Amino acid sequence: MRESAYKTTDGRRGTAAVFLLLAAVVVAGTAVFVAGRASAPERAGPERYSDRLVRGVPVGFAGTPRGAGDAAAAYVVAVSAAAGRPDVERQALIDNIAVDGSGPAVAEMMGAGSPPADSTGISQSVTARVWVAEADLNAQVPQGGEVTARLLVCALTGSMTDGVVAGSETGLAGGWYVQSVTVRWVQDRWRVVAVQRSVPVPPPDQRGTRRDGGPRDTQPLLEVLSTRSWVPGTV
């Protein structure tokens, strides 16, 4: 009886030791997993400017040359979309994005493609590419610093349909342009200082990814299609 009891107790001790070892392995593995998740870098993704609007003005851009280019691109789109609004609303938008005194010039250069007076037309600009000359796109710009961005823009205008019948005149007019916009970092916001008149550029070709061989002046596309240009709103 004594010998049997001794063997049973020894077996229980061995089982307990195995259980404790397994528990330690599980706890250690969990700790490693949690630490790995905490230290893993977040995947970069596109910004959504529509989620960051204050009185119709895109906000929240970084105070860097890249942020300046993204802000310029978003401002061009916002001003174009406001072309059919009442003059008071449109002027308020210009005042919110331009530095004091530059509003009229900014409105003239960024307001191309106004729809008909009945406000039933389409006026839309899409910024396809952004280019900034600064070498370090992620460097912090000091207060009062200015950055000039060159934008590849597609501007469209036309009349809306009734959603039922598309007549023979249905369609959009427009073209592709390169436009330079200078913005200034003021009180942690980018505000437009000056806008140069847009330069027409050849539209994309219609034959897949190949050029159609037609005559075109490609020099204005030199920078906005370079390897240092980017899609606005991406990081």
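Note that the structure is predicted; figures quoted are calculated from it, not measured.

A. Main features of the pairing of strand 5 (residues 172-186). Sheet topology places strand 4 (residues 146-159) next to strand 5; 13 bridges connect them, and they run antiparallel. Note that in strand 5 the partner of Leu152 across the bridge is Val178. By the bridge criterion, six bridges tie strand 5 to strand 6 (residues 189-195) in an arrangement that is antiparallel. If you follow Val183 over to strand 6, its bridge partner there is Val192.

B. Examining the confidence of the model for the protein more closely. Taken over all residues, the pLDDT of the protein has a mean of 76, while the share at 70 or more is 69%. Here helix 1 (residues 2-39) stands out as the element of the protein with the lowest mean pLDDT, 49, in contrast to strand 6, whose mean of 93 is the highest. In this model residues 1-8 is a low-confidence stretch, pLDDT under 50, and it forms zero contacts with partners more than four residues away in sequence or in other chains. Below pLDDT 50 for its whole length, residues 112-116 participates in eleven contacts with residues either more than four positions away or in separate chains.

C. Molecular detail of the pattern of salt bridges. The tally for this structure, following the rule as stated, stands at two salt bridges. For the salt bridge of Glu146 with Arg184, the shortest nitrogen-to-oxygen distance reads 2.6 Å. With Glu146 in strand 4 and Arg184 in strand 5, this pair connects stretches of sequence that are 38 residues apart. For the salt bridge of Glu223 with Arg150, the shortest nitrogen-to-oxygen distance reads 2.6 Å. Linking Glu223 in the segment after strand 7 (199-201) with Arg150 in strand 4, this pair joins segments that are 73 residues apart in sequence.

The rules behind these values
Residues numbered from 1 in each chain as written. Predicted model: local features only at pLDDT ≥ 70, side-chain atom pairs only at ≥ 80, totals over all residues. Heavy atoms only, no water. Pairing = 2+ DSSP bridges. Helix = DSSP H or I, 4+ residues; strand = E, 2+ residues; numbered from the N terminus. pLDDT = per-residue confidence, 0-100. Contact = heavy atoms within 4.5 Å. Salt bridge = Lys/Arg side-chain N within 4 Å of Asp/Glu carboxyl O.

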